[in-house]
Amino acid sequence: MVAQIELTAMDVLMVRLFDAIDEANMGWIVAADRALREAFGEELIDLVPSYTTLMLHYDALRLDHDEAIGRIQRVLERLEPADTGLGQCHEVPVWYDLSVGPDLTRVAERAGIAVDEVVRRHCGRDYYVFALGFAPGYSFMGLVEEALATPRLKTPRRRVAAGSVGIADRQTAIYPLTSPGGWNILGRTAFPLFEHARRGEPLLRPGDRVRFKSISREEFVRQGGDTTVLERAP
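What counts, and at which threshold
Residues numbered from 1 in each chain as written. Predicted model: local features only at pLDDT ≥ 70, side-chain atom pairs only at ≥ 80, totals over all residues. Heavy atoms only, no water. Core = buried A, V, L, I, M, F, W, Y, C linked by side-chain atoms within 4.5 Å. Buried < 20%, exposed > 50% of the residue type's maximum accessible area, 1.4 Å probe, protein only. Helix = DSSP H or I, 4+ residues; strand = E, 2+ residues; numbered from the N terminus. Contact = heavy atoms within 4.5 Å. Arc of directions from axis to C-beta. Axes fitted to C-alpha atoms, helices over the stretch in contact; angles between N-to-C directions. Parallel < 35°, antiparallel > 145°, perpendicular 65-115°, else oblique. Left-handed = near helix turned anticlockwise from the far one by under 90°. Nonpolar A, V, L, I, M, F, W, Y, C, P; charged D, E, K, R; others polar.

Going by what an unreviewed UniProt entry lists, the protein is known as 5-oxoprolinase subunit PxpB and is assigned to Billgrantia desiderata.

Structural notes on the nonpolar core
The biggest cluster of nonpolar side chains holds 38 residues, and the ones touching the most others in it are L17, L36, F40, L54, L56 and I72. Looking at this core, the elements that each hand over two or more residues are β2 (12-16), α1 (26-40), β3 (44-49), β4 (53-58), α2 (65-77) and β6 (127-132). Here the element with the most residues in this core is α1; it accounts for seven residues. Apart from the residues lying within four places of it in its own chain, the contact partners of L54 are L13, M14, V15, L17, I29, A32, D33, L36, L47, V48 and P49.

Quick word on helix α3 (residues 104-111)
For α3, the complete set of buried residues consists of L104, V107 and A108. For α3, the angular spread of the buried residues around the axis is 100°, confining them to a single face. Structural note: α3 exposes E109 and R110 on the side pointing more than 90 degrees away from its buried face. Looking at the buried residues of α3, the elements they touch are β5 (89-96), α4 (115-122), β9 (164-168) and β12 (184-188). Count one or two residues on from α3 and you reach G112, which has phi positive near 70°.

Side note on the packing of α1 against α2
To describe two helices that pack against each other, one gives the angle between their axes and the distance between the axes. With their axes 10 Å apart at the nearest point, α1 and α2 run at an angle of 135° to one another. It follows from the interaxial angle that α1 and α2 lie oblique. Note on packing geometry: the crossing formed by α1 with α2 is right-handed. In contact with A35, L36, A39 and F40 of α1, α2 contributes A68, R71, I72 and V75. Partitioning the contact of α1 with α2 into residue classes produces seven nonpolar, no polar and one charged.

Okay, here's the thing in C-alpha cells:
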C-alpha cells in the first residue's frame, strides 16, 4: 500500500490509502483512524474516514504543517489492518413495500428478478459502513451485489421520508432525516439512527456492519414506523 498525503486547506490534509472502493479497505481505514486520533491527540480538530481516504483537520496554532505530515508518515509506516470484526453489527428491520419503497419495481426489472427476490438479496449480506456524510447520521454502506446495482434517479425526489432505505449503484443507505434524495427507495425502517445517551451521536459508525431484516407492516407500525406513502419518482 502506497499512501499519499494531499494538502486540501491550510490546516487540512487528505490521507489517500486506496484508489478504488473495496470492502477489503476497511481494516486499513479503521486502523488509520484509530492510530491518527491517538497520534494527534488534542491537536486534532476533526478526522473523517471515508471509502479510500481520511481527511485530517489539525490545529495549526499548535502544530506546524511539516510536523503534521511527519506524524501521519510515522503512523503509516507501522500501520497494520484492524480486525474489522471489532466493529458493531446492527440488525436493521425494514418494511419493504411499494407504498414506502416505490423503486422496488425499478430495481427488480433492471435485475430481471421478482420484487421478493430483490428483498431477499438486499437482506442477504452484511454491509460495511464506509463513511458518514450528506446529512447527520447518513451512513454510506456497501457493497450491494452487482445484480441489484441501480443508478441514482435522474431527477431526485423533493422529499424522501426519514427512515427510507435505498440503493444507488452498489451502495445502500438509510435516510436519517426527511430530505430531498435521488436514491432508489426499497422500504422504510423505524430503527433509531442516533444514540440519545451519547448526546445524539450517530449510532452507525465507519467500520460497523449492518444487516437488513424484512418485517411486516404490522411489526413496522408496532416499532413506531411512519406508513405515509412515498411519492413515485418523477
